[in-house]
Every structure is written in C-alpha cells, then in structure tokens.
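Take a look at the letters that make up each chain.
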Amino acid sequence: MTLQTPSTLGAPHITGAPFRKRSGRVDPWRLTLLGLVIVTSLLIVGNLLFIFLSSFADEKKGVLSGVFSLSLYWEIFSDPFVANVFLNSIVFALVTLLVAFAFGVPIAWLVTRTDIKGKSFFFTMMTVAVLIPGFVPAIGWSFLLHPNIGLFNALLESLFGPGFVISVANVVGMGWVQGLNLAPLAFIMTASAFRSMDPALEEAAAMSGAHPLTSFFIITLRLAWPALLAASIFIFTIGFAAIDAPVIIGWGKRIFTYSTYILTLLNPASGAPRYGAAAATSAPLVLWALVMCWVYLDMQKRSRRYQVISGKGYKPTLLALGTKAWMAYGFVSLFFLLSFVLPLIVLIWASLLPFLQLPSSQSLAMVSLDNLWSIDWRSVQKGLINTIILMLSVATIVTGLSFAFSWIVLRSDVKARSVFDVFAFFPHVVPTTLFSISTLLIALFVIGPIVPIYGTIWILILASVVVRISYGSRMTNSAMIQIHRELDEAAQMSGASTGVLIGQIMLPLMAPALLFSWLWTALLTCRELTVVMFLTTPTNLTMPYIIWSNFAFGAQGIAAMLALMMLALTLPLIFVYAMVLERWKLI
C-alpha cells in the first residue's frame with residue numbers, strides 16, 4: 001500500500017520553485033541563487049579544464065602562449081623517477097586505506113551493532129578526531145620513530161645496539177601515520193550504513209549456526225558494500241595526494257609521493273618553477289576523478305539492491321559482547337592511544353626541551369619553556385590572523401553556496417539541475433593538490449594581470465572554498481531533503497516571497513545542519529596543510545605553514561610548541577562542534 005500525502009490527494013503540487021513570480025517578473029532571490037551556483041560550477045569545472053590546457057602548453061613559451069604539444073607528457077612519464085613517485089603514491093594510498101579501514105570499520109561496527117557501553121562518547125570522539133590537524137600526529141610519530149631523531153629508536157639502539165630501529169621514514173610508515181589520521185573518516189562514512197542495517201539476515205545466519213565472524217564477512221560487509229566502496233574511493237584519493245605525513249616524515253629522507261614531487265616542481269632548488277610539468281603530472285588524476293565520480297553515481301543508482309530496512313517491524317538488535325567486551329574496549333583504546341595520545345605526549349615532551357632526547361634525570365633538568373620565548377611572534381601573529389580570517393570566511397561562503405546548490409538541485413525547476421550536484425561533488429573525488437595547482441595557475445596567468453590575488457589571503461580563500469564545497473553541499477542536501485515540499489507549497493499559496501520562505505521557514509528548520517556545516521568547514525580549513533603548502537608566500541602565512549617550516553628547518557621544539565598552541569586555540573571550537581553534534585545527532 002502506498003502512503004499518500006496531501007499533494008497526492010488532490011492538493012495543488014508544485015514540482016519545483018519557478019524563477020518568475022505570479023506577476024511575471026523574475027524572482028531576484030531565485031535568480032541570485034542560480035547565479036551563485038553557475039559561477040561556482042564554472043569555477044570548479046574551469047579549474048579542471050585549465051589543468052588540461054596547461055599540461056599541453058609549451059613550457060618555455062608560457063601556459064597561455066597558444067603553442068601546444070605532448071612534450072611534457074613524454075618527458076614526465078618516460079622518467080623512471082616519476083614512475084617511482086607514482087608507485088610510492090599508490091603504495092602509500094593503499095597502506096593508508098588499509099590502516100584506516102582496519103581501525104575505522106571495526107570501531108564503527110562495535111559502536112553501532114553491539115551493546116558496548118559509552119557509545120555516545122566513542123561516537124563523539126571519533127567524529128571530533130577527524131578535525132585534528134593531520135600534521136600534528138605526523139610530527140609526533142616523527143619524534144617517536146624517525147631513524148635519526150626518534151625517541152623509541154634511540155631506546156632500541158641503547159638496548160640492542162646501533163642500527164636496531166623501527167622507522168616510519170618510508171612509504172609504509174607514512175601510510176601507517178596517514179591511515180591513523182583518516183580512520184575516523186572511515187568510521188563516519190561506514191557507521192551510518194551499519195546503524196541503519198536490518199539485522200534479520202544476520203539473525204538468520206546465527207540461527208543456522210554461523211559463527212559471528214562468518215556472518216560479519218559474508219552478510220554484514222556485503223550489505224554495507226556501497227558505503228564501504230564510497231569510503232574506500234574517498235580515502236584512497238585523499239591518501240594518494242595527501243601531504244601531511246609525506247612532507248613531515250618523507251621530505252627530509254627524499255621519499256617523494258605525488259604531492260611532495262609537485263612541490264619540488266613548483267619550488268625547485270634552482271631554476272624557474274615548472275608549472276607545465278606540474279600540470280602534466282596532475283592531468284591524469286582528473287580522468288581518475290571523473291571515473292571514480294561515475295562509479296560512485298552508478299553505485300547510488302543501484303543502491304536499492306542493498307536496502308533491507310522494511311519500515312514496519314524493523315527492530316534492530318545488538319550483539320551482546322559478554323565477557324569479550326574488554327577486547328572491544330582494548331581495541332578502541334589502542335586506536336586512541338596510537339592516533340592521538342602517544343603523539344601528543346611526545347609533542348609535549350619535545351616542546352619542553354632544547355633538543356629531542358630520551359627521558360632521564362639529565363633531560364628532566366633541561367625541561368623549560370625556552371621554546372615558547374624563542375618563537376617568532378611577529379610571524380605567528382600574522383599567521384594566526386590569516387588563519388582566523390580564512391576559517392571564518394571559507395566557512396561562511398561555503399555554507400551559503402552549499403545552501404544555494406541544495407536549493408537549485410532540490411527545490412527549483414531548472415532543467416538538468418542534477419548536473420550542478422555533480423559539479424559540487426567533483427571536489428569530493430578530485431585531490432586537493434590538483435585544485436591547489438589549478439588555482440595557482442589561474443591566479444598567475446589568467447586573473448593575475450587584472451586582479452593580483454597571488455600572495456594574498458584571497459587566493460587561499462578561493463582554493464579552500466572550491467575544495468570544501470562538496471562537504472557543505474552533502475550536508476545541506478541531507479537537511480533540505482528532510483523538509484517536506486508542502487511547506488514550500490503552503491508558503492507560495494499564501495503569497496510569501498522566496499525571501500520570506502528562505503528566511504522564515506528554510507533557514508530556521510535547517511539551522512542545526514547549517515551550524516554543523518559551518519563548524520565542520522571552519523575546523524577543516526584550520527587544519528588544512530595541502531592548500532597552504534602550494535599557495536602560501538611570506539605575505540599570506542598561516543599557522544599550519546609556520547609549524548611545518550619550523551619543523552622542516554630543524555626547530556623541532558618550536559614546531560612542537562606551536563602545534564600544541566594551535567590545538568589549544570581550536571579546542572573551544574571543537575567543544576562547540578561536539579555539543580552541536582551531541583545535541584542534534586547530525587551524523
């Protein structure tokens with residue numbers, strides 16, 4: 001039996017918000033929303049197209065010379081060093097994915113499908129852990145297991161002799177660190193699938209005598225396949241182009257992945273920057289992103305095959321852990337110990353010493369706050385102001401644009417409006433590095449002569465907005481879908497303008513989701529290292545770049561102190577974020 005709404009029972013039904021009022025005049029509100037969506041979509045697509053254009057250009061004559069060739073592709077992809085870079089990147093991304101899934105997916109299952117205690121606490125902590133800057137634990141692990149300065153390695157050598165070390169300064173080690181950083185993201189992307197899954201099939205397997213592990217691998221994981229595939233595509237893409245662990249751990253050992261190799265092309269030790277070579281190296285990733293986008297959208301079309309929730313009679317049951325509960329708590333505690341607690345302890349220790357050394361009576365005598373007084377406060381002040389401006393502006397712009405995208409896609413009568421949703425989804429599967437490079441090229445060669453934004457905070461804002469629009473639009477889409485169209489229809493039938501509809505109906509109902517989106521975007525922008533690594537100059541410094549530069553140039557104690565300060569400054573915003581998450585259960 002089909003449930004009927006008032007619209008199906010004879011009430012006038014409006015299929016989409018028209019762009020003209022009843023008087024025949026164009027509605028300025030809806031036209032403005034459409035204009036914002038079109039401009040943002042052109043910016044997203046323009047970034048991708050400009051990468052292709054630049055990759056075929058004659059590097060000696062300039063990106064916009066009009067002379068095109070395949071010489072850059074031949075030069076780049078016939079170079080064995082570049083082949084090794086891509087091999088490193090693939091291995092790094094695979095290890096990142098495996099580590100993220102090894103921790104994130106089991107914890108998601110424990111929190112959603114078992115009777116483990118403290119679920120709300122674990123869920124909040126895993127969600128908040130996404131917002132911890134990735135370079136912070138990378139610095140901590142470098143202090144712990146780097147072959148040259150690692151504390152644990154110094155301990156091993158003192159016990160077992162020189163050369164006995166466990167190093168993270170390799171592709172697998174960097175993947176381990178990056179995977180721990182992305183495990184909370186794997187948790188978020190799979191927890192909802194486990195939570196909404198009807199356990200009837202698992203119960204049937206249990207009644208047939210199947211072992212819980214057999215049921216988990218044969219039934220549970222197969223039913224959660226769309227969420228697992230989406231998470232794997234996203235995390236692999238992030239891992240391939242991630243810069244946190246490679247630039248902190250691998251840079252000094254000359255272990256290059258895609259992002260760090262691009263950095264060397266744009267900032268060579270000698271000679272001019274090779275913008276065309278960077279574009280040619282990045283262009284194949286655009287094709288990869290388009291294929292992954294098609295795979296994801298095709299998977300969404302076939303998602304009904306995996307829907308097992310029937311509505312009536314749906315009563316989710318939880319697996320009783322019994323005496324094995326201690327193993328579950330131990331596993332979750334191990335993750336938090338490895339991903340946050342241990343690196344944080346090492347950071348605190350390093351920040352209090354003139355140079356890194358094992359705890360001893362001699363090193364304890366050296367503990368002080370000298371690193372705090374050695375900080376270049378003028379640069380920190382500039383970086384802090386720029387970081388705050390970046391957070392506030394990007395979060396506000398992204399939230400507004402996300403609302404505009406959701407309105408056009410879900411509420412308007414624009415033909416082919418779903419295309420705009422695909423455009424907004426592109427930054428979800430296109431590496432952040434690629435958008436950073438394209439923004440740099442556009443700022444230098446297209447709009448630079450007219451609006452010189454290179455070296456200003458505006459280029460960071462522009463790139464960050466493009467990168468974050470997919471996050472915001474997913475959240476506003478989910479929130480707007482839950483608002484029934486009958487409210488739109490009632491407002492229109494009462495003669496309310498679009499401004500009244502948005503201001504008095506849509507925004508109040510979407511306020512929790514919009515606040516959550518704003519906080520999420522602000523915190524992700526604060527922790528962003530990839531964009532600033534490619535677009536920062538001495539005139540638009542941010543805190544992540546200042547921390548990295550101190551670490552890279554040997555001031556490890558100062559870098560540790562600054563990293564701790566940055567964590568402390570973001571704690572209030574993280575606390576508000578956690579309160580919003582707990583209050584409205586938005587994830």
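1. A short note on the overall build of the chain
Across its full length, the chain holds 25 helices and zero strands. Burial statistics for the chain: of 587 residues in total, 53% are counted as buried. If you take every contact in the chain between residues at least 6 apart in sequence, the share linking residues at least 24 apart comes to 77%. Carbon and sulfur atoms make up 69% of the accessible area of the chain, which totals about 26,700 Å².

2. Concerning empty space enclosed by the protein
Using the criterion set out here, one finds six cavities of 30 Å³ or more in the structure. Lining the largest cavity are 28 residues, and of these Ile238, Thr432, Arg468, Tyr471 and Glu528 lie nearest its centre. Of the residues assigned to the lining of the largest cavity, the class counts are 17 nonpolar, seven polar and four charged.

3. Observations concerning the packing of helix α5 (residues 135–145) against helix α6 (residues 151–160)
Taken N-terminus to C-terminus, the directions of α5 and α6 make an angle of 10°; their axes are 3 Å apart at the nearest point. Considering their axes alone, α5 and α6 lie roughly parallel with respect to each other. Only Leu151, Phe152 and Asn153 of α6 make contact with α5, whose side of the interface consists of Phe143, Leu144 and Leu145. Of the residues contributing to the contact of α5 with α6, the split by class is five nonpolar, one polar and no charged.

4. Quick notes on the pattern of salt bridges
Where charged atoms from two side chains of opposite charge approach closely, those side chains can pair. A complete count under the given rule lists three salt bridges for this structure. One salt bridge in this structure joins Glu75 and Arg274, with 2.7 Å as the shortest N-O distance. With Glu75 in helix α2 (residues 71–77) and Arg274 in the loop between α12 (258–266) and α13 (275–301), this residue pair connects regions lying 199 residues apart in the sequence. A relative accessible area of 35% places Glu75 in the partly exposed class. Overall, Arg274 belongs to the partly exposed group, its relative accessible area being 24%. Here Glu528 and Arg468 are joined by a salt bridge, their closest N and O atoms 2.4 Å apart. Of this pair, Glu528 sits in the loop between α22 (498–527) and α23 (530–535) while Arg468 is found in helix α20 (residues 457–481), placing the two residues 60 residues apart along the sequence. For the pair shown, Glu528 and Arg468 are each scored as buried.

5. Things to note about the nonpolar core
One broad rule of soluble globular proteins: the nonpolar side chains tend to lie buried together. Residues Phe187, Ile248, Trp407, Ile437, Trp520, Met533 and Phe534 are the most contacted members of the largest nonpolar core, which totals 196 residues. In terms of residues, this core owes the most to one element, helix α3 (residues 80–113), which gives 17 residues. Contact partners of Met533, with chain neighbours within four places excluded, come to Ile243, Val247, Leu263, Tyr545 and Trp548.

Each value, and the rule that gives it
- Residues numbered from 1 in each chain as written.
- Predicted model: local features only at pLDDT ≥ 70, side-chain atom pairs only at ≥ 80, totals over all residues.
- Heavy atoms only, no water.
- Helix = DSSP H or I, 4+ residues; strand = E, 2+ residues; numbered from the N terminus.
- Buried < 20%, exposed > 50% of the residue type's maximum accessible area, 1.4 Å probe, protein only.
- Contact = heavy atoms within 4.5 Å.
- Areas by Shrake-Rupley, 256 points an atom, 1.4 Å probe, with all protein chains shown as cover.
- 1 Å grid on protein atoms, 1.4 Å probe; cavity = no way out; pocket = protein on both sides within 12 Å on 5 of 7 lines; lining within 4 Å.
- Points joined across faces, edges and corners; volume = space filled by probe spheres on them.
- Nonpolar A, V, L, I, M, F, W, Y, C, P; charged D, E, K, R; others polar.
- Axes fitted to C-alpha atoms, helices over the stretch in contact; angles between N-to-C directions.
- Parallel < 35°, antiparallel > 145°, perpendicular 65-115°, else oblique.
- Salt bridge = Lys/Arg side-chain N within 4 Å of Asp/Glu carboxyl O.
- Core = buried A, V, L, I, M, F, W, Y, C linked by side-chain atoms within 4.5 Å.

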